[in-house]
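# Examining the three-dimensional arrangement
Below, each chain spelled out in residue letters.
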Amino acid sequence: MNTAKFPYVPLISMSFAAFVYVTFEMFAVGLITPMAQDLGVTEGQIGLLMTVYAGIVAVVTIPLMFYTRRFNRKPLFMVTLGFLLVGIVLQATASNYAMLVIARVVAALTHGLFWSVVNPMAARLAPFGSAGKAIGVVSMGSTMALVVGSPLATFVGGHLGWRQATWLLGALVIVAFVSLLFSLPTMPAVESGAHQMGSAKRSALPSLVIYLTLIVTAAFAAYTYLGLIVEVTSGPELVAIGLAAFGGFGVIGVLLAARLVDQRMLRLNAFVAVMLVLASILGVLAFGADMPVSVALIFLMIAVFGTGYGALPTVATTIFLHAGRSNQDRASSIYVVTYQVGIASGSALGSVVVDSGYVYGTLVLMGVLAAIAGATLALWSRPLLR
């Protein structure tokens, strides 16, 4: 499947599909208040939709990967978009909170399968030595969901309603499906080696699972409520701008990661942890400052946070595939489940402090957990990967 020419067209199509899926996953981030008001629930309950979504992904992904391990990857990949479309239709027509939860569950059923196959597929499409670059192209889609998708959903939802914003996502799913139909080559499943991931004693994967759980929990304890953080510190009129800025700096992070990750995967993962700790300090300082200092500090926090988080999917995926290179599909599914456990844990922890009236507590959680994640990477993972 590898060729000398870098396969930009299918990778960009896969990246666009990732853009749509992540935009839906993060849909509520900028629309917590209007969705809560419309459905008569608390903002914390809307935030918990992230936990429900991620929890479903964590439970079903590895069994689905096992069941579909011999399926051709192209049709399997496209089926995941069908589930996403059904979830979007159900969300757009939800008349109560329970129906909204069902909509999220339907889309979540294949979200983990989507991410479990997309990165190994990207690596297979790439020329030798360019797997990290190919994963970076796909990761750009999830980053652009933060740059364009989430702010656009917030803008459309704020002016036309969150249901209309959901229908717009449905149209984009159809565009992604057609693009993949014509650009993505057939890709039969690859049987794994007999030894699969090697000796559990020597494998770095257990340490990486702990690292990734901590770093993603840290990020989503704050990111799930980023719109609320901006609203409290800077005013509601700056929420969409703040989310767009976060995504914009995320582009810088993913470009940096795609360029360097094939040679510096360990250092770049440590870089993410450092950036999240620094962002948490800046954010907490913003809560204690008066305007306009608080606005300046919160946007500096967004710049640091966005850059660090933007790099995370590319660098973490690459290090997982490297550590589990004898069975990359399995390593990828472990990565996806771990990531979703982190999202669920982060949004749930954030919900507790937000509903207790301590919005700044989301940033404290991020800093503490990111520091522990960095220590795990340095003291446990690093000796096994060198």
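Right above here is the structure, for reference.
A brief look at the structure comes next. For clarity, every value in this text was computed on a predicted model and none was experimentally measured.

For threonine 154, the position within the fold is in helix H7 (residues 131-159). A distance of 2.8 Å separates the side chain of threonine 154 from the backbone oxygen of serine 150, its partner in a polar contact. If we ignore the near neighbours within four places in the chain, the residues touching threonine 154 are Gly30, Leu31, Ala240 and Leu243.

Turning our eyes to something else, we now look at helix H1 (residues 8-25). Its 18 residues place the ends of H1 25 Å apart at the C-alpha level, agreeing with the 26 Å of an ideal helix rising 1.5 Å per residue. Burial runs high along H1: 14 of the 18 residues are buried.

Turning to the environment of valine 147, a few remarks are in order. Relative to the helices and strands, valine 147 resides in helix H7. Taking the C-alpha atoms as reference, valine 147 lies 15 Å from valine 137; in sequence the two are ten residues apart. Those residues in contact with valine 147 that sit more than four places away from it in its chain are Ala244, Gly247, Gly248 and Val251.

A rise of 1.5 Å per residue sets the reference length of helix H12 (residues 293-323), with its 31 residues, at 45 Å; its end C-alpha atoms lie 44 Å apart and thus fit the reference within 8%. Leucine 312 marks the point of greatest bend in H12, at about 35°, and the proline proline 313 comes within the next four residues. Within H12, 25 of the 31 residues are buried, leaving the element largely enclosed by the surrounding structure.

The next subject is the packing of helix H10 (residues 226-234) against helix H11 (residues 239-287). Running from N to C, H10 and H11 point in directions that differ by 40°, and their axes come no closer than 3 Å. As summarised for this structure, H10 and H11 are arranged oblique, according to the angle between their axes. Residue-level inspection shows Leu226, Gly227, Ile229, Val230, Glu231, Val232 and Thr233 of H10 in contact with H11, the latter providing Val239, Leu243, Phe246 and Phe287. Residue composition of the contact of H10 with H11, by class: eight nonpolar, two polar and one charged.

Cut-off values and rules
Residues numbered from 1 in each chain as written. Predicted model: local features only at pLDDT ≥ 70, side-chain atom pairs only at ≥ 80, totals over all residues. Heavy atoms only, no water. Helix = DSSP H or I, 4+ residues; strand = E, 2+ residues; numbered from the N terminus. Polar contact = N/O pair within 3.5 Å; in protein donor to acceptor, adjacent residues only side chain to side chain. Contact = heavy atoms within 4.5 Å. Expected span 1.5 Å × (residues − 1). Buried < 20%, exposed > 50% of the residue type's maximum accessible area, 1.4 Å probe, protein only. Bend = angle between axes of the 7 residues up to and from the residue. Axes fitted to C-alpha atoms, helices over the stretch in contact; angles between N-to-C directions. Parallel < 35°, antiparallel > 145°, perpendicular 65-115°, else oblique. Nonpolar A, V, L, I, M, F, W, Y, C, P; charged D, E, K, R; others polar.

Honestly, that's just the spatial picture; any functional story needs more than this.
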